Amino acid sequence: MCGIVGYIGKQKALPILLDGIKTLEYRGYDSTGVAVLNNKINAPKIYYAKSAGRINVLEEKIAHQKNGIDGFAGIAHTRWATHGEPNEVNAHPHFDCKKQIFLAHNGIIENYKELKANLIKKGHKFSSETDTEVLVHMLEDERNENPGFLLEEAALKVLKKIKGTYGLVIIDAREPEKLVAVRNFSPLVLGIGDGEYIVASDASALLKYTRQIVFLHDGEIAVLTPEKHKIFNLRSESVTREPEKIEWTEEIAKKGDFPHFMLKEIFEQPEAIENSLRGRLLSKEGLVKLGGLESVQDKLREAERIIIAACGTAYLAGRVGEYIFEEYAGIPTEVDFASEFRYRKPVFRKNDILLVISQSGETADTLAALREAKQKNILTIGIVNVVGSSIARETDAGVYQHIGPEISVASTKAFTSALSILTLFSVFLGRQRGMSLTMGRRITEELGKIPDLIKQILKSKDQIFEIAKKYESYNNFLYLGRKYNMPIAQEGALKLKEISYVHAEGYGAGEMKHGPIAMINKEFPSVVIAPSDSVYEKMISNIEEVKARRGPIIAIATEGNKEIKQIVEEVIYIPKTLEMLTPILSVVPLQLFAYFVGVLRGVDIDQPKNLAKSVTVE
Ligand code: F6R
């Protein structure tokens, strides 16, 4: 989704702003722009540049701009088009009729049409097709009607008239020592430096400058000058909030020696899972320690049903969680797309729990599902990576993933970390119920070995690359799995689609005969997840059915299985583990396969077309 950066302080704003939006590139965008306020001249003025396409196009444009772009305060934006094409005019920042107020916006203004009609009647001239532009003309209008208003007073008036979601940064040439930032259902964090402030849609853009962060809450307005900030809410009440120190290092948000963030994050999985498990496995006692759930442990003991709501890859982690919770904690579990859950009038029972899974903690549908459950007084739990994110703040309790920022649009380490945490949660719930000490020990011991087992799988990188070379020109794939690995078939297909733009379907292998088998032929390969587990024999039957129709097969199998080698074209081996833990291993070769097919087909892996990292609008 769009990215916002704002700066005010003692340094030249332009390089900081451009650097900031480059860090946010991974969120997905199609046009970009920057506006800088020169507050050190007699009549302070705002210079700006906008362009369609990538940030380097904007940089070239600025290099050729006669006036230059100079000043110590400014705002920048990467736009992911919603209203109006991704062209230069629709790119942010937007400005008022006199080009005195400039604003960048993430989110959607729902009632913009009527507001725009009103402003046009009053003589305002619009240049873009965006919903955002109304905001800046509304600010101008408030200023016209109330000449004494400060920028934040005008902003407050405007916010009371609009419906929608927004993260905003605003500068005004008439108040050159000020930057105003506003948050409502669209993330915005405030970094506090030494005599400077930097605001951004997510913390990764601030790491170079500061670790001291204030998370703005919905409905809050921050007024920043180089020396100080104040925050107030829509009721004009002043808000005091201590800054938090974030632990992420600048290096973790960089690619290092890897060609893409996706590959880096695939290789980070052993360490990411270790971090997710650190201090949480009490193997001797067959228990887990989840500090974030202690305050609600009595309620969890009484829980009679778990409902999991999430989107995309996080949803598929939830589907694995469903199998784990039912088999090991004995709790009925249902999983739904958050986007469906929020609209389908879910019927809650008293001892239900809603579990939301979200790497970013900002996914609009997941947040809405959470709010729906809260409204009905249902206990809400989160598995979230981004500390201080909306979902992390609004759930009653939760477990942080601690995997560092996930930059790649295609989620990898957040998925395997979520699976590890779901396993921890199943032991937590299971041991409150009938799970034996022996079983608790067994699961925690095996879970602790998972990082090393992933390291072994990563050694097959070259073999997987060779397989990808053989199959890169195929245009359709079927992914099959059963039980714990059914959601992994879907995840493998999802990865291939988003990273290589190749059509892929993920199916429960038992469903194959009910439709997809019609497509199988020698041009339609199947990726079959067949570890040596309780459904292995069934998977072999499915493999035979694909073979009988001359479909090429790539199998994921357990080390030592020689039989499967005789019947399929390719085998990628994964080490032996408990059946419930195989998804954490079997997904790794599928991530690498999708990555290599994407690379071989020339896809821009870290910025796949049309996708955004953090989906903060519906
Ligand atoms: C796929 C992918 C998405 C996300 C989904 C939810 O690779 O990354 O499907 O999993 O948008 O995002 P979060 O976990 O941030 O709620």
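Bringing the sheet that holds strand β7 (residues 164–172) into the picture now. Consider a sheet: its strands pair through backbone hydrogen bonds, and that pairing is either parallel or antiparallel. Taken in spatial order, the seven strands make up an open sheet running β5-β6-β7-β8-β12-β13-β14, and their pairing is antiparallel. Of all the strands in the sheet, the pair left with one neighbour each is β5 (94–95) and β14 (238–239). Judged from the five bridges that link them, strand β8 (residues 179–184) and strand β12 (residues 220–224) form a sheet pairing that is antiparallel. Its bridge partner lying in β12, Leu179 is registered against Leu224. Strands β7, β8, β12 and β13 (229–233) of the sheet are contacted by helix α5 (residues 151–161), whose axis makes an angle of about 160° with β7.

Let us look at unusual backbone geometry. Along the chain, His92 connects to Pro93 via a cis peptide bond; the corresponding omega equals -5°. Here Pro93 lies in the loop between β4 (73–79) and β5. For Phe185, which is not glycine, the phi dihedral falls at a positive 60°. As for its placement among the helices and strands, Phe185 is situated in the loop between β8 and β9 (189–192). One non-glycine residue with positive phi stands out, namely His402, at about 55°. Here His402 shows up in the loop between β22 (397–400) and α13 (413–432). Looking at His402, the relative accessible area reads 41%, which means it is partly exposed.

Contacts to the ligand come from 13 residues, most closely from Ser358, Gln359, Ser360, Thr363 and Glu498. One nitrogen or oxygen atom from the main chain of Val409 is found 3.1 Å from an oxygen atom belonging to the ligand. Between an oxygen atom of the ligand and a side-chain N or O atom of Glu498, the distance comes to 2.5 Å. Contact with the protein chains hides 89% of the accessible area of the ligand, taken as 410 Å² for the molecule alone. Secondary structure elements with two or more residues in the shell around the ligand: α9 (312–329) and α16 (486–500). Residues belonging to the shell around the ligand are distributed by class as follows: four nonpolar, seven polar and two charged.

A few words now on the domain arrangement of the chain. One frequently used descriptor of interface size is the decrease in accessible area upon assembly of the parts. Domain annotation of the chain identifies domain 1 (3–252), domain 2 (261–458) and domain 3 (459–618). Each partner contributes to the interface: domain 2 provides 48 residues, whereas domain 3 provides 42 residues. When domain 2 packs against domain 3, close to 3900 Å² is buried across both sides, 69% of that on carbon and sulfur atoms. The interface formed by domain 2 and domain 3 holds zero salt bridges in total. Viewed at the interface, domain 3 and domain 2 are joined by 13 residue pairs in polar contact (both at pLDDT 80 or more). Counting residues per element, the ones that place at least two in the side of domain 2 that touches domain 3 are α6 (261–267), α7 (269–277), α9, α11 (364–375), α13 and α14 (437–458). Considering every element that reaches the side of domain 2 that touches domain 3, the biggest residue donor is α14, with eleven residues. Of the residues in the side of domain 2 that touches domain 3, the class split is 25 nonpolar, 14 polar and nine charged.

Conventions we followed
Residues take numbers from 1 onward in each chain, read along the sequence in its written order. Local features in this predicted model are restricted to residues whose pLDDT is 70 or higher, and side-chain atom pairs enter the listing and the counts only when it is 80 or higher, whereas totals over whole chains, interfaces and linings include all residues. Neither water nor hydrogens contribute to the side-chain values; these are computed over all heavy atoms in the structure. When DSSP locates at least two bridges between a pair of strands, those strands are taken to pair. Only runs of H or I of at least four residues qualify as helices and only runs of E of at least two qualify as strands under DSSP, and these elements are numbered from the N terminus. Whether two residues are in contact is decided by their heavy atoms: any pair within 4.5 Å suffices. For helices, the fitted line uses only the C-alpha atoms of the stretch in contact; every axis is such a line through C-alpha atoms, and the angle between N-to-C directions lies from 0 to 180 degrees. Only protein chains enter the calculation, and the probe is 1.4 Å; a residue is then buried if its accessible area is under 20% of its type maximum, exposed if over 50%, and partly exposed in between. The criterion for a residue being near a molecule or strand is simple. One of its heavy atoms has to lie within 4 Å of it. Polar contact is the term for a pair of N or O atoms within 3.5 Å; when the atoms are in protein, one must be able to donate a hydrogen and the other to accept it, and sequence-neighboring residues count only if both atoms are side-chain atoms. To be clear on the numbers: accessible area is Shrake-Rupley with a 1.4 Å probe, and residue cover counts the displayed protein chains and nothing else. Classification convention: Asp, Glu, Lys, Arg as charged; Ala, Val, Leu, Ile, Met, Phe, Trp, Tyr, Cys, Pro as nonpolar; all other residues, Gly among them, as polar. Boundaries between domains were set according to an automatic or database domain assignment. By buried area we mean the combined loss of accessible area, with a 1.4 Å probe, across both parts when two parts are placed together. Each salt bridge in this description consists of a side-chain nitrogen of Lys or Arg and a carboxyl oxygen of Asp or Glu lying within 4 Å of one another.

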